[in-house]
Amino acid sequence: MTYVYAGPDPSCRAYSPRLSEKRDALLWECSRGADTLVLETPFGGSATTLFPALCAELESVDIRKEKFAEIRPGVWARYVSAGAKARMNGGCPLHREACTYTVLACETDGDVCTVHAPAENRMSLPSLDVPLQIHVEVYPVTKHVFLKPQPVFTGFFGIELPGPNAGVPGDGTLAYTVGGIRVPVTDEMLAQGTVYVKSDTEPRVISANPGLKLN
Amino acid sequence: MDASLTVQSIIEYFEEKLRHQEGYMSGSGSGSEPQYPMMVFHLGPDDGGAMLVEGLTRLWPQFRQEIPFLSAQPGAGGAEYGEFTLREDGKYAVSPITADRVTDLAAGLSSADNHFKSYDRIVAYFVVDTVGLNDPGGFDKYLDVVSRAESAMGIGNSMSMLLVLLDESNKARSELAKQIKNRLAEIAPDATYSICLLSNRRNDHRVAARDIRKLATAVIAVSNNRRVETVQDMFFNHRLFTAGYAREEKPTADICQFLVTALINRLSSLPPAGDGLATAKDLAQRLGISQNGTIVTLDEYARDKFASLLPAPQQLELFPRRDRAEFPAAPASMPASDFDEWTMGAWSAYLAGLVAEARAGLDLNRVEKERIAAGYRAYLRTSFTAGEFIWLSEHPERIDACFAVSREPIRQLGTLEYAVEYLKYLISSNEELRALCRGEVDRACREAVEYMADWNGLVRSMSTLHQVQQGDDFNSFYNGLFNDYYDRHAHVIEGDFKKTSSRDGLRTFFYKAVDGMLHDDAMSRALCASFESELRQRLGQDNVNNRVSHMLDPGQVPAYLQTFFSLGAPFRSFILLEAGSLSSALNIPAGTAVYNTGRGSAVEVLYLYALNPDNIMYGGAM
């Protein structure tokens, strides 16, 4: 399939992406009969700036398998035909959170798929930032010592991470800093739930993704 | 390298360095000094003027800032002026100046800051080099420029001398010279300046283009000294004169040629050998490739650039653990795989971050890539001889086999050691950098092939040299000197030579070898000896005197002008040398003045002959 990036077409447009009530699917408006290219990009970025270079990369990946496919690091895409969209009553299931989704209308003629740029209209934006709120707790581990009224610091801090199914990638997006180093959080650590750091100073958990919000 | 290396170019380098060093060691500025403030105007091609300026500043270095050396040429408005200034490369070049600046310079000659002996006169020399002239009209323009320059000086108490350098190197030039002589014969009786006429065709029929400027320098030197009668003679009593000139100097060029050819001959007997590599088991090691396949220069780069990013051993304690338990051993000494397991993959992820940073750095920095290439190039040159490179160029498969190895470090190494090794592996397994280094081997091989061609060319170029004809005493003396030096330094010289494997390297090697001779105490003492000492070293004092005394007979010394009639006896005779043992040992005839040059590099004699204008007049007028 060849992809061509074309200018806006009032008769073929997709716009106003939003989350479903359960926040697990993407809904959007679309011209009658138009297909949609759903793009997932790093949080806060603009998918349209990736075009037209992205067209050539789309050609080498099958994006019509009813699931998101990775086009390049951090950029995923899914082709949703007009028929498939109609069948998705609850919307297109989210691939993940802490990212930005963009919907672009497209039409396929034979072996050529024309992707239309969104119209410049503030009332019908093509993109939606989907943040992910997670809870991370860092606390000093203490113990009770005989005859001491107050608990005593053990020299360890506990870091309570969100579980493995919280949608947090274990690729170092989340990390903690302590004593001048930055230690990435791995899948194994997420699976562990709570990990311990031996330190006199409290580790600080940070996120490299502005869409991954800590509370 | 811009041009192939020849034995001539090495000799020239040696000669230049030796003359420079002689300049420091043969005394300076302690000879006779100019009596009156003076200015020198050069009319003609600037390169000839530069030679004259060099000669005079060598004689009077202490007056370099006090004697204006100017260029004056016909041009817009009658005359254009320039000032000879010393450039950073040690050569003189002309910078344009105005006529007003000429006036200022002339006025500045009487400054109380100057160091001339008397200030009641100002002397102006106009050296007219006719070599660039094509028609007699051009000479008249020069005479006009002389008048304008005298006016520009604006000084009332000046004495002027016109030194005319004739070019009679061939028939056509001789015809032009005849017409210039006729013109001079016409103007001499009424000229406001004295005229010294010098030709490059001597009265012994030989053409001496180079010496004519040395002669002009000598005429200027002796005409401005404290002997008032000489000054009177040269500026007023003999308005038209010429000179006879001879010079004995240290055979510096021959000494350099002898030593350079001796060095090349010695080195020619060291055949380059590369066949030993065929059975070498340490080829990879000599290529700077470790057992894991990392490359020495890239290892250094990895250490310099990224090792500082690794955590300190105590920081490893800050990695996460599953429970509140101590690591089973100090983290830095734990096997990397164990530490990674204890830290739930955090160590691997941390290292991956460094790796990504390293990769990004490699992608970005072209300057560093060039630095890496230069470092590896330098390593290779110390590791193989030219012969070995040539052998390698014929066996690229052996090089490829060494470069093909690339192994990840084993994870049983200690945590930090593994990290260092892993970074090295990462850098060395980068295809682009590996290809860069492999390319450097090819380049070194190519350069070695060129080098061998250059070396053979250099040896061949010795056949273009004229043989040194200084006699057996010369050969014997310098042969002994060279052999003694070489035997003392053979290890270093031959070691450096064997490591030379490129054209540039060959030039550098010879320059270094030459510098080495000049820096060696014994060698340098002999090489930088004055003219007299050098001769005495070889011949003994009596022979030194014999070598020079023949010049004390004016009949044995060529005059730098062919005339119709005999020149008769000189009206002034000079011997120019460094005052010392030679001048006292020589039987200098009465009436020959000794001019102390303060430098022991040469002995010159100068005989001045008065000319009757009729004696230079040819049939036909200009």
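The rules behind each value
Residues numbered from 1 in each chain as written. Chains lettered and ligands numbered in written order. Predicted model: local features only at pLDDT ≥ 70, side-chain atom pairs only at ≥ 80, totals over all residues. Heavy atoms only, no water. Helix = DSSP H or I, 4+ residues; strand = E, 2+ residues; numbered from the N terminus. Buried < 20%, exposed > 50% of the residue type's maximum accessible area, 1.4 Å probe, protein only. Contact = heavy atoms within 4.5 Å. Areas by Shrake-Rupley, 256 points an atom, 1.4 Å probe, with all protein chains shown as cover. Core = buried A, V, L, I, M, F, W, Y, C linked by side-chain atoms within 4.5 Å. Polar contact = N/O pair within 3.5 Å; in protein donor to acceptor, adjacent residues only side chain to side chain. pLDDT = per-residue confidence, 0-100. Pairing = 2+ DSSP bridges. Axes fitted to C-alpha atoms, helices over the stretch in contact; angles between N-to-C directions. Buried area = accessible area lost by both parts, 1.4 Å probe. Salt bridge = Lys/Arg side-chain N within 4 Å of Asp/Glu carboxyl O. Parallel < 35°, antiparallel > 145°, perpendicular 65-115°, else oblique. Left-handed = near helix turned anticlockwise from the far one by under 90°. Nonpolar A, V, L, I, M, F, W, Y, C, P; charged D, E, K, R; others polar. Expected span 1.5 Å × (residues − 1).

Peer 1: Outline the overall build of chain B, supporting the account with residue identities and numerical values.
Peer 2: Counting its regular elements, chain B contains 23 helices and 11 strands. Of all 622 residues assigned to chain B, the portion counted as buried reaches 52%. A fraction of 79% describes how many contacts in chain B between residues 6 or more apart in sequence connect residues 24 or more apart. As presented, chain B carries roughly 27,500 Å² of accessible surface, and 48% of it is formed by carbon and sulfur atoms.

Peer 1: Let's hear about the nonpolar core: which residues, and what values?
Peer 2: Formed by 69 residues in total, the largest nonpolar core has its most connected members in Ile159 and Leu161 of chain A together with Leu287, Phe319, Trp347, Leu392 and Ile427 of chain B. Examining the composition of this core, we find that 7 residues originate from one element, helix 12 (residues 346-364) of chain B, more than from any other. Not counting residues within four places of it along the chain, the set of residues in contact with leucine 161 of chain A comprises His135, Val136, Leu174, Val185, Met189, Leu190, Gly193 and Val195 of chain A. Core analysis: the second largest hydrophobic core is formed by 62 residues, Leu70, Leu143, Val544 and Val548 of chain B among them.

Peer 1: Outline the side chain of threonine 261 of chain B, supporting the account with residue identities and numerical values.
Peer 2: Residues and elements named next belong to chain B. Inspection of the secondary structure assignment puts threonine 261 in helix 8 (residues 252-268). Of note is the side chain of threonine 261, whose polar atom sits 3.0 Å from the backbone oxygen of phenylalanine 258. Other than its neighbours up to four places away in sequence, threonine 261 contacts Val7, Met462 and Leu465.

Peer 1: Mind laying out the confidence of the model for chain B, listing which residues take part and the relevant values?
Peer 2: Residues and elements named next belong to chain B. Mean pLDDT over chain B stands at 87; residues scoring 70 or higher make up 95%. Mean pLDDT values for the elements of chain B range from 71 in helix 23 (residues 581-585) up to 96 in strand 1 (residues 38-43). Scored by ipTM, the complex comes to 0.85, with pTM at 0.55.

Peer 1: Any details on the environment of methionine 1 of chain A? Residues and values, ideally.
Peer 2: Checked against the element boundaries, methionine 1 of chain A lands in the segment before strand 1 (2-6). C-alpha separation for the pair methionine 1 of chain A and aspartate 111 of chain A, spaced 110 residues apart in sequence, amounts to 5.1 Å.

Peer 1: Explain the environment of proline 558 of chain B to me, and be specific about the residues and the numbers.
Peer 2: Residues and elements named next belong to chain B. Inspection of the secondary structure assignment puts proline 558 in the loop between helix 22 (541-549) and strand 9 (572-577). Linking proline 558 and asparagine 203, residues 355 residues apart in sequence, is a C-alpha distance of 6.0 Å. Once residues lying within four places of it in the same chain are set aside, the contact partners of proline 558 are Arg202, Asn203, Asp204, Gly244 and Tyr245.

Peer 1: Describe the sheet that holds strand 17 (residues 204-207) of chain A, listing the residues and the values that go with them.
Peer 2: All names here are of chain A. Strand order across the open sheet formed by 3 strands is 15-14-17, with antiparallel pairing between neighbours. Lying at the two open borders of the sheet, with one neighbouring strand each, are strand 15 (181-186) and strand 17. Recorded for the sheet is a direction-independent mean angle of 35° between the axes of neighbouring strands. When strand 14 (residues 171-178) meets strand 15, the two strands line up antiparallel, connected through 5 bridges. Among the inter-strand pairings, alanine 175 is bridged to a residue of strand 15, identified as proline 184.

Peer 1: For the interface of chain B and chain A, give the residues involved together with the corresponding values.
Peer 2: At the interface, 18 residues of chain B touch 21 residues of chain A. Both faces combined, the contact of chain B with chain A buries some 1,600 Å², and carbon together with sulfur accounts for 62% of it. Sorting the residues of chain B by area buried against chain A places Leu318, Arg324 and Met344 of chain B first, and these three jointly supply 40% of that buried surface. At the surface where chain B touches chain A, the tally comes to 2 salt bridges. Linking glutamate 188 of chain A and arginine 322 of chain B is a salt bridge whose minimum nitrogen-to-oxygen distance equals 2.4 Å. One can count 6 residue pairs in polar contact (both at pLDDT 80 or more) joining chain B with chain A.

Peer 1: Explain the packing of helix 8 of chain B against helix 18 (residues 472-499) of chain B to me, using residue names and the numbers behind them.
Peer 2: All names here are of chain B. For the pair helix 8 and helix 18, interaxial distance at closest approach is 10 Å and the crossing angle is 45°. Relative to helix 18, helix 8 is oriented oblique. Our pair here, helix 8 against helix 18, has a crossing hand that is right-handed. Taken together, the residues of helix 18 that come into contact with helix 8 (itself represented by Asp254, Ile255, Phe258, Leu259, Ala262, Leu263, Arg266 and Leu267) are Phe474, Asn475, Tyr478, Asn479, Phe482, Asn483, Tyr486, Asp487, Ile493 and Phe497. Here the residues of the contact of helix 8 with helix 18 are counted per class, giving 12 nonpolar, 3 polar and 3 charged.

Peer 1: Can you lay out helix 16 (residues 415-428) of chain B for me, pointing to particular residues and giving the numbers?
Peer 2: Residues and elements named next belong to chain B. Compared with an ideal rise of 1.5 Å per residue, which puts 14 residues at 20 Å, helix 16 spans 20 Å between its outermost C-alpha atoms and is within 8% of the ideal. Of all 14 residues that make up helix 16, 11 are buried, and the element is covered over most of its length. Among the residues of helix 16, those classed as buried are Thr415, Leu416, Tyr418, Ala419, Glu421, Leu423, Lys424, Tyr425, Leu426, Ile427 and Ser428.

Peer 1: An account of unusual backbone geometry is needed here, citing residue identities and associated values.
Peer 2: Residues and elements named next belong to chain A. In this model, phenylalanine 51 is joined to proline 52 through a cis peptide bond whose omega is 5°. With respect to the helices, strands and loops of the structure, proline 52 is situated in the loop between strand 4 (35-42) and helix 1 (53-59). In this model, glutamate 66 sits at a positive phi of 60°, which is unusual for a non-glycine residue. Secondary-structure assignment places glutamate 66 in the loop between helix 1 and strand 5 (69-72). A relative accessible area of 57% places glutamate 66 in the exposed class. Non-glycine residue alanine 98 carries a positive phi angle of around 60°. Position of alanine 98 among the secondary structure elements: in the loop between strand 7 (92-93) and strand 8 (99-109). Residue alanine 98 is classed as buried on the basis of its relative accessible area, which comes to 8%.

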